Amino acid sequence: MKHNIFSNNGDYPLADPKNIILYYATLNQKKEAQFIVEQVKLIQKKWNLKWHEIAIGYRSILMAIEIEEELESMEVPVHSALDKLLYSKLEVKHNKVNLFPIKEIKDQRFKLLYIPGLEEGVFPHSTTLLNKYSLDQEYSMFKNIVENVAEFVVLSSTNNRSLDKISLLLNPSRFLSMIEPKKLFSMVSHSLIDTRAPFLNNLKALGINYLIDSQKKELMTKLPPCLEVKKGDKV
């Protein structure tokens, strides 16, 4: 498990040479869902993971629907909280990818965790932005999940997201700037670069340096050598 990714107060992250978090920014919600599912299939095969060792934590129902549809279209078995009328205690199902609300996975343990929606107004949620206590609680949840829930974490965000039938242009989450820069391996979709969106300037303002996925290859092929998993290695 990861430890000490963040500083105690969240302002000066501590270095941990064994930890790297992957971050990917793309143009819209549909492309984000496609990226997540493509990488789920790629990493599951590359690291020989069981499906139930993988989780995706979402912040909105619309986000979850988009991802679930993409999982099903790519024939990835999925255990979704959307199948429940109420969010009671969710249990991991054998050999299915877990698609849960982000708050429901904080006490679970996985090999691989995806957290989409790293945008201001999504994570952190819009209702917390003007309330320091609520924002601190939101950050505490994010910190705990990223540090403790999975062995490898993939974050993503998008320039354009549909919430309650409204298409919104969003800014990257401030939480990204609270991760040690050397541990955040970041890439940006070429399609987002082409738009010259303010999103990119805001990423730079947060101190996020990124590579461009210009050749549109699988992201795992571009990972730093320390993340390459050779045959026989244990994740």
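What counts and how
- Each chain has its residues counted from 1, following the order in which its sequence is written.
- Local features in a predicted model are, by the rule used here, given only for residues with pLDDT of at least 70; side-chain atom pairs are given and counted only at 80 or more, and totals for whole chains, interfaces and linings are based on all residues.
- For side-chain calculations, the full set of non-hydrogen atoms in the structure is used, while hydrogens and water are omitted.
- Lines fitted to the C-alpha atoms define the axes, with helices restricted to the stretch that makes contact. Angles between their N-to-C directions range from 0 to 180 degrees.
- Counting from the N terminus, the helices are DSSP H or I runs at least four residues long and the strands are E runs at least two residues long.
- Working definition: roughly parallel below 35 degrees, roughly antiparallel above 145 degrees, roughly perpendicular at 65 to 115 degrees, and oblique for all remaining angles.
- Here a crossing is taken to be left-handed if its near helix is turned anticlockwise relative to the far helix by less than a right angle, and right-handed if that turn runs clockwise.
- The contact criterion used throughout is that any non-hydrogen atoms of two residues lie within 4.5 Å.
- Here the term charged refers only to Asp, Glu, Lys and Arg, the term nonpolar to Ala, Val, Leu, Ile, Met, Phe, Trp, Tyr, Cys and Pro, and the term polar to all other amino acids, Gly among them.
- Residues qualify for a patch when their relative accessible area is over 30% and they have no salt bridge, like charges being joined within 9 Å and the nonpolar side chains of Val, Leu, Ile, Met, Phe, Trp and Tyr within 5 Å.
- Using a 1.4 Å probe, accessible areas were evaluated by the Shrake-Rupley method; residue-level cover was limited to the displayed protein chains.
- Here, a salt bridge means any Lys or Arg side-chain nitrogen found within 4 Å of an Asp or Glu carboxyl oxygen.
- When accessible area is computed with a 1.4 Å probe and restricted to protein chains, residues below 20% of their type maximum are described as buried, those above 50% as exposed, and intermediate ones as partly exposed.
- To qualify as a nonpolar core, a set must consist of buried Ala, Val, Leu, Ile, Met, Phe, Trp, Tyr and Cys residues joined through side-chain atoms within 4.5 Å.
- Paired strands are those between which DSSP finds at least two bridges.

Considerations on the packing of helix H1 (residues 29–46) against helix H2 (residues 61–73)
Here comes step 1: Two elements in contact, H1 and H2, have axes whose closest approach is 9 Å; the angle formed by their N-to-C orientations is 50 degrees. Regarding the angle of H1 to H2, the classification is oblique. Read as a crossing pair, H1 and H2 show a hand that is right-handed. Facing H1, whose interface residues are Gln29, Lys30, Ala33, Gln34, Ile36 and Val37, H2 presents Leu62, Met63, Glu66, Ile67, Glu70 and Leu71.
Here comes step 2: Of the residues in the contact of H1 with H2, the class split is seven nonpolar, two polar and three charged.

Focus on a nonpolar patch on the surface
Here comes step 1: Together, Ile61, Leu62 and Ile65 give the surface a local cluster of nonpolar side chains, amounting to about 210 Å² of exposed area.
Here comes step 2: On the secondary structure map, Ile61 appears in helix H2.
Here comes step 3: On the basis of relative accessible area, Ile61 is assigned to the partly exposed category, the value being 41%.

Details of the nonpolar core
Here comes step 1: Counting 66 residues, the largest nonpolar core has Val40, Ile56, Tyr114, Ile115, Phe142, Leu155 and Leu203 as the members making the most contacts within it.
Here comes step 2: With near-sequence residues (within four places) excluded, Val40 lies in contact with Trp51, Ile54, Ile56, Val76, Val97 and Tyr114.

Some words on the pairing of strand S4 (residues 97–101)
Here comes step 1: For S4, the tally of buried residues reaches five of five residues, placing the bulk of the element in the interior.
Here comes step 2: Bridging between strand S2 (residues 54–58) and S4 involves four bridges; their strand directions are parallel. Pairing of Ile56 across the sheet is with Leu99, part of S4.

As for unusual backbone geometry
Here comes step 1: In this chain, Phe123 is followed by Pro124 through a cis amide linkage whose omega measures 15 degrees.
Here comes step 2: The residue Pro124 is located in the loop between strand S5 (110–115) and helix H3 (132–148) in this model.
Here comes step 3: At Glu75, a residue that is not glycine, the phi angle is positive and equals roughly 60 degrees.
Here comes step 4: With respect to the helices and strands, Glu75 occurs in the loop between H2 and strand S3 (78–80).

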